[in-house]
Amino acid sequence: MNKAKKVKVNENGNMIRNCKYESGTEIEPYIYDGKLTIKGVGWQNSGVYFILDGEDGKQYYYSIRERYNDKLMKSEYDVELAALFVFLNKHCFNGLYRVNGKGLFNVPYNNSRRASVEENVIWAVSEYLQNITILQGDFEDACKEAKKGDFVFLDSPYAPLNPTSFEAYTKEGFDIESHKRLAKLSDELTARGCYCMLTNHNTDLINELYGNKGYKIDVVSVRRMINSDASNRVGEEVIICNY
């Protein structure tokens, strides 16, 4: 497979963007002896984020989550926040990123005591991201410069399966009107000559928005690991393409 010469990624939050720039310019603070580390921060003396043998992993996880949320509230997007983010991703339930209405991370502990970081992975990801531009903002703004021949993957939050379905990955949410805007954007990108792909739940809403427009819609069976009830971790998704 040919590697794209120019890649742009857009996120509604700021965590991937923060991790890229902090790991790219100050990667040493991330790693020490194979463990997630912050040198010079002075928090908890050593500043090493991993679960010690015999330590209460649950209590430690929630102390880290509290520290992370405290920095979020203060908008302290720095290398410490990046390291906290990586730790939480490894030790939270199913690697899920979810926030409450105040924008604070609220995913519970997964009872894992595995290593918080693999040094070779951090280095590899950091190197790979150096040639990728990460934007932060609305998806329409991110696609303004997309032109004929560009490939655009639209990874939107899931449309709700029912009124109680989880859909709040960010504090702003992604409501029905947002899904309608995204469908309109897909139509506009198609008219420009862009190659577009989108995935979502196989719901009436999604089929109404993208059906009868000439899109190729494939239905696939999936396992949804974010459901706390293992018996409900099956379902259908659609892969929608204009090519």
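Right above here is the structure, for reference.
The text that follows walks through the structure, step by step, so that each part is easy to find. Predicted, not measured: the structure shown is a model, and the values here were computed from it.

**So, the environment of C194**
Part 1 of the reasoning: Within the secondary structure, C194 is located in the loop between α6 (176-192) and β7 (195-201).
Part 2 of the reasoning: Residues C194 and Y243 lie 49 residues apart in sequence; the distance between their C-alpha atoms is 9.3 Å.
Part 3 of the reasoning: Aside from chain neighbours lying at most four places away, what touches C194 is A146, K147, K148, G149, D150, V152, L189 and N242.

**Some details on the packing of aromatic side chains**
Part 1 of the reasoning: Scanning the model with the defined rule gives 10 aromatic pairs in all.
Part 2 of the reasoning: Pairing Y68 with F105 gives two aromatic rings, centres 5.9 Å apart and planes at 80°, and the pair type is edge-to-face. Residue Y68 is found in helix α2 (residues 57-73), and its partner F105 is found in the loop between α3 (79-91) and α4 (119-129); the two are separated by 37 residues along the sequence.
Part 3 of the reasoning: Accessibility expressed as a relative area gives 3% for F105, which makes it buried.
Part 4 of the reasoning: Through successive ring pairs, a cluster of aromatic residues spans Y68, F85, Y97 and F105.

What counts, and at which threshold
- Residues numbered from 1 in each chain as written.
- Predicted model: local features only at pLDDT ≥ 70, side-chain atom pairs only at ≥ 80, totals over all residues.
- Heavy atoms only, no water.
- Helix = DSSP H or I, 4+ residues; strand = E, 2+ residues; numbered from the N terminus.
- Contact = heavy atoms within 4.5 Å.
- Phe/Tyr/Trp six-rings, centres within 6.5 Å; stacked < 30°, edge-to-face > 60°.
- Buried < 20%, exposed > 50% of the residue type's maximum accessible area, 1.4 Å probe, protein only.

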